[in-house]
Every structure is written in C-alpha cells, then in structure tokens.
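Residue-level structure breakdown
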Amino acid sequence: MTHETITLSVTRFDPGQDSRPRLQGYEVPYRDDWVVLDALNWIKSHLDGSVNYRWSCRMGICGSCGMNVNGQPKLGCSAFLRDYLPGPVVVEPMANFPIVRDLVVDISSFLDKLRWVKPWIIRDETAVGPGEHRQTPAQIDQYRQFSMCINCMLCYSACPVIPIEPEFVGPAAIALARRYQLDSRDRAGQERLGTLTGSDAIWDCSFVGECSAVCPKGVDPAKAIQQTKFESTLGMMMPWGGR
Amino acid sequence: MSPTSSRDASQPRLDGEARATAPDRVSAQMPARTGEPAIAYPVKQPFTWWTRRRGYLLYMLREFTAVGIAAWMLLFLVQLARIRQGAAGYQPLGGPLFVAISVVCLALALWHSYTFLSLAGLFMRIPLGDRTVPARLIARAMFGALAVVTVAIAGMLIWGGA
C-alpha cells in the first residue's frame, strides 16, 4: 500500500495566548526516507511558519531535536515516518521539561545540573606542562561509551524520577561525571564521588533503566549511576574505602 | 547545595563559566534581557505514567515483588511468635491457602532475585589488570553463588530438621 500523505499532530503552545498546550494536525507528503524533522521543516516552509522547534545537524550528533514521538523520547532526525505508518504521528515536546513554546522546552535546569558535576578533566597541576597525557586503548575503553553522550536530554524525558524529584541531577549529568571519574588523566575522583553521593544525586535514582533504553548513542547512564552507588557503598563499608 | 541552586547570582562562578560569559562582540550587539523570564508551561507526570512504556511496567512489577516477599516474611514472623508457646502449643501455618500464598511469594522472590542478579554485572565493576571482569561472568558467578547458598540452606533445613 502506498501512502501519499501522513498526518502529524504537533503540540502548539503560545504562552501569550494559550492556557495549556494543544495538538494541531498537519497533513504532509509522505516520503519513505523522511524523518519527523523533515516533516516539521516541510510544515514550517509550506503550511505554518509559526511552528517552533529546535534542530541543527540532522544527523544525530548535535542532540538538539529531542522530542516525544508517539509518546516515546526520540531525536526528530532519527525517527523515520515509515515506522509510524499509517499515522497520525503525535509530536510533542520532551516530557519533564517546562514548555516554552510549541516543541521548545526550557533546558536551563539541565545546564545547571551538568555544570554542577564538573564534566571536564581536573588535574593537580596549576599550569599545563609540556608533552601529552597519553592513554592506552584499555584506559580509553573504561570511559568510552559514557563519552558518547550528546546532551540530547532524551534520558531526562524518559526518567520518571525527574518530575517527582526535580532537583535530581539526572542520568546524562551523572554519566558524564562517571566518564571523567574513569578517565586516567583526571584527579578529581573523590571530589566527584562526594558530589554524586550527596543530596539530589545517585541515591534519588530508583533504577528504572529507561534512560539507557532511549539513548540514541548507546550510552548507559543507568550503569553509571548503579556503579557509582556500588563503589560509594564499598567505600563506606570496606576498610580500604578511605572513610 | 543542590544542582539548580547554583543559578543564584551570589554563588561564586566557575572559571570556565566566567570565560564563557565574558562580553564578546556578538553578545554586545544583542539586546539586553529585561523584565520577567518567559512563561513556561509546567508539565506534570500523570498517575498512569507506568503504563506508557514496557520498561516502566516491568520496573513496577519488579518493585511490586517486594510486597509479596514482605507479606510472606510477616507470616514467617507469626510462626516464630507461636514458638514462644512451646512445643505443645506450636501450630505451624499450613493448609492449601498457605501453600498457595507461599508458592506465589516464592515466584515473586525468584523473579526479584533473577532481575537483581542479572544486573549484578552492570553495577559491579571489578578491575582486572588494566581491564575489568566481564559483566556476564559476574552475573553467572552470582547465580552460581545463589544456587550454592540455596542448596546449603535447604540441606540444613531438610537433613538438619530430620
């Protein structure tokens, strides 16, 4: 069966006019190789220029076009229309974030959380010395998958703890903290562990695991969180834990 | 300090942030921010959130197994309390209903154990030289340990009791 068109139901919300978000239907041409982002761009160019959404690279790298497609957290550039036939395709903003306008959400809380875990290499030296800080392939393998995070925030959209505990640092920030904890060049492991074992961090996670299931880059934030829980518990209970 | 409270302007800023927020040519040309921040619509999680994804449902089932285990432990405590009445007055729980409840609780306990031990390799990171012990090996070791402990306790109860 061939499809000429497919319907997209897109969330619309104008804070100046609407009291709550609503869905608006758009009929767009169906192309076998189109993704939801292509359809949104077609709507903006041909039907309604007022639709707002974030996007940039169109190839799953920038992490800008996170949205809920038929209720599931997806990158708009990776959600093919052919997987949602015959439609309609319900396109909503990412869950667990306040809606600023249409599909655009307020991500300022995430940016604060990300900065809080200091996702960068911290060294003892005050000045950068000559030469390189070389690593073996095995050392890189320790943290490689956590370094693939593109900050798309789909894991926050899938995490049911975030709406209950809005201060929870969340999956991506902890995965990135773990990435630097496992980096042989970093010297702030204990400092980060103290941050992560404090309030609003790893112990808020009840291990639903859907953060890892929805990650478009194969990062496993649930693993990062549970490993940190295990290591901090060992640190408290065992004599070599340094407490 | 909570992660989002760091937005307080009175908090010391990090070095990297100070550099990032230093005025540059582009931001100098942009209009200054004035007035209240844009109104954002707060989204609440519906009560039926756990029905939206299969993973949510499996999570709730996994957590619910603890209720069955706790219920059986209460029955076990009742039996322990009855021991205080002495050998003559001790009447262990029995009958088809208790057996049925025990079988259901055993199934819940086994499911809980299976889900927990399957993930042991995920949360346990055991360094081995410059690598780590494979997750699959850790999970298998855990299931092996469960089997050994189960047989040992069953042996104590069956042959020790006889």
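Residues numbered from 1 in each chain as written. Chains lettered and ligands numbered in written order. Predicted model: local features only at pLDDT ≥ 70, side-chain atom pairs only at ≥ 80, totals over all residues.

**With respect to the sheet that holds strand E1 (residues 5-12) of chain A**
Residue and element names in this part refer to chain A.
- One open sheet accounts for five strands, arranged E2-E1-E5-E3-E4; its pairing is mixed. Each end of this open sheet is capped by a strand with a single partner; those strands are strand E2 (22-29) and strand E4 (72-75). Averaged over all adjacent pairs, the angle separating strand axes in this sheet is 35°, with direction ignored.
- Relative to E4, strand E3 (residues 66-69) runs antiparallel, the two sharing four bridges. Opposite valine 69, over in E4, you have glutamine 72 as the bridge partner.
- Contacts from helix H1 (residues 36-47) reach E1, E2, E3 and strand E5 (89-92), with the element oriented near 90° to E2. (Pairing = 2+ DSSP bridges. Helix = DSSP H or I, 4+ residues; strand = E, 2+ residues; numbered from the N terminus. Axes fitted to C-alpha atoms, helices over the stretch in contact; angles between N-to-C directions. Contact = placed C-beta atoms within 7 Å.)

**Quick word on the nonpolar core**
All names here are of chain A.
- In this structure, Val36, Cys155, Ile174 and Leu176 are the most contacted members of the largest nonpolar core, which totals 67 residues.
- When residues of this core are assigned to their parent elements, the largest contribution, seven residues, is made by helix H5 (residues 171-181).
- If near-sequence neighbours (up to four positions away) are discounted, valine 36 is found in contact with Val69, Gly76, Ala79, Leu81, Val89 and Val91. (Core = buried A, V, L, I, M, F, W, Y, C linked by C-beta atoms within 7 Å. Buried ≥ 20, exposed ≤ 12 C-beta atoms within 10 Å, placed from the backbone.)

**Some remarks on the interface of chain B and chain A**
- Taken together, the contact pairs 27 residues of chain B with 34 residues of chain A.
- Looking at the side of chain B that touches chain A, the elements that each hand over two or more residues are helix H3 (54-83) and helix H6 (120-123) of chain B.
- At three residues, H3 of chain B tops the list of elements feeding residues into the side of chain B that touches chain A.
- By residue class, the composition of the side of chain B that touches chain A is 14 nonpolar, five polar and eight charged. (Nonpolar A, V, L, I, M, F, W, Y, C, P; charged D, E, K, R; others polar.)

**Describing unusual backbone geometry**
Residue and element names in this part refer to chain A.
- A cis amide bond links leucine 85 to the next residue, proline 86, at an omega of 0°.
- With respect to the helices, strands and loops of the structure, proline 86 is situated in the loop between E4 and E5.
- With omega at 0°, the peptide bond leading from glycine 87 into proline 88 counts as cis.
- The topology assignment puts proline 88 in the loop between E4 and E5.
- We note that asparagine 151 has phi near 55°; this positive angle belongs to a residue other than glycine.
- Its location among the elements puts asparagine 151 in the loop between helix H3 (137-141) and helix H4 (154-158).

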